[in-house]
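Residue-level structural notes
Each chain, letter by letter, is given below.
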Amino acid sequence: MQNLVTCRGLCKSYGNTEALSNVDITLQSGRIIGLLGPNGSGKTTLIKLLAGLLTPTSGVASVLGHCVGESTKAMVSYLPERTYFDRAMKVEECIELFSDFYDDFDEQRARSLMARLAVPTDAQFRTLSKGTCEKVQLILVMSRRAKLYLLDEPIGGVDPAARDFILETILSNQNYDSTILISTHLIHDIESVLDEAVFLQSGHVVMHDTADNLRSKYGKSIDDVFREVFRC
């Protein structure tokens, strides 16, 4: 394994509001990592910084030794929390768009996964359920051969059966040298695939350890550890 993501003194403020404060983390390749924390903890801000969609107020973030920016965009595949395709577009058009735009896009893999999830590729987005829209976006993002996958609430709107399929078939089959960073509230559903977890609270990293170490240290599941750490 090698260091894939490095953040040192990473801060992001919106006016007088500090969303991230002095974040120091190192993420290695070949890992599935949960980015966990309550609403407003800075999870989406961190993901957008790593995706190059936001500029840090101070500090640095790098991917494979390159400061996040133009040079890292080809290494990163990003899934936002909200649907971003034009609702008049057909699924087929989205596949073609990804195929034209990304050199690392595996069109055959995307079509195979959509067939297994019974996604109608001739349908417009406006006719699809929220869960199906999320399936389409996730499949497209995970069908790239990226180094870093940034998934912001990827399974929030899908049914339990599709959630199991996504976790078992997509997340568990990432490239051996890539890393998946998943921001989610559904910790119980993803815990089985996590190698490690990063806990954020009020913009600070309050815990970062392997899944096995967390379970061993606290004698309970990561979901229960989360509930204990962030108990109201």
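In this report, we go over the structure that sits alongside the text. If you're wondering where the values come from, they're calculated on a predicted model, not measured in any experiment. (Residues numbered from 1 in each chain as written. Predicted model: local features only at pLDDT ≥ 70, side-chain atom pairs only at ≥ 80, totals over all residues. Heavy atoms only, no water.)

**As for the pattern of salt bridges**
Summed over the entire model, instances satisfying the criterion amount to 11 salt bridges. When the shortest N-O distance is used, the salt bridge between D104 and R144 registers 3.0 Å. Taken together, the residues span a long stretch of sequence, with D104 in the loop between α2 (91-101) and α3 (107-116) and R144 in the loop between α4 (130-142) and β7 (148-152) at a distance of 40 residues. Taken as a pair, D104 and R144 share a single burial class, namely buried. What emerges from the salt-bridge pattern is a single network uniting E92, E107 and R111. (Salt bridge = Lys/Arg side-chain N within 4 Å of Asp/Glu carboxyl O. Helix = DSSP H or I, 4+ residues; strand = E, 2+ residues; numbered from the N terminus. Buried < 20%, exposed > 50% of the residue type's maximum accessible area, 1.4 Å probe, protein only.)

**Let's talk about the sheet that holds strand β2 (residues 17-28)**
Taken together, the 4 strands give an open sheet; going across it, the order is β2-β1-β4-β5, and neighbouring strands pair in antiparallel fashion. Sheet topology places β2 and β5 (66-67) at the edges, where each strand pairs with a single neighbour. Here strand β1 (residues 3-14) pairs with β2 via 8 bridges, running antiparallel. If you follow T6 over to β2, its bridge partner there is T26. Helix α1 (residues 43-51) contacts β1, β2 and β4 (58-63) of the sheet and is inclined by roughly 120° relative to β1. (Pairing = 2+ DSSP bridges. Contact = heavy atoms within 4.5 Å. Axes fitted to C-alpha atoms, helices over the stretch in contact; angles between N-to-C directions.)

**Examining the sheet that holds strand β9 (residues 196-201)**
In any sheet, the strands associate via hydrogen bonds between backbone groups, in a parallel or an antiparallel arrangement. Taken in spatial order, the 6 strands line up as β6-β7-β8-β3-β9-β10 in an open sheet, and their pairing is mixed. Because the sheet does not close on itself, it has two edges, and the strands there are β6 (76-79) and β10 (204-210). The mean inter-strand angle of the sheet, taken between neighbouring strand axes irrespective of direction, is 15°. Note that β7 and strand β8 (residues 179-183) share 5 bridges and pair parallel. Looking at β8, one finds that L151 is bridged to I182. Relative to β10, helix α7 (residues 211-218) is tilted by about 95°, and along the sheet it contacts β9 and β10.

**Points about the packing of aromatic side chains**
Counting across every chain of the model gives 7 aromatic pairs. Where F85 meets F125, the ring centres are 5.3 Å apart and the plane angle is 50°; that geometry is what we call tilted. Of this pair, F85 sits in the loop between β6 and α2 while F125 sits in the loop between α3 and α4; the two residues are 40 residues apart in sequence, bridging distant segments of the chain. Here the two residues F85 and F125 agree in accessibility, since each one is buried. Grouped by ring-pair contacts, the aromatic residues Y84, F85, F98, F101, Y102, F105 and F125 constitute a single cluster. (Phe/Tyr/Trp six-rings, centres within 6.5 Å; stacked < 30°, edge-to-face > 60°.)

That is the geometry; function is a separate question.
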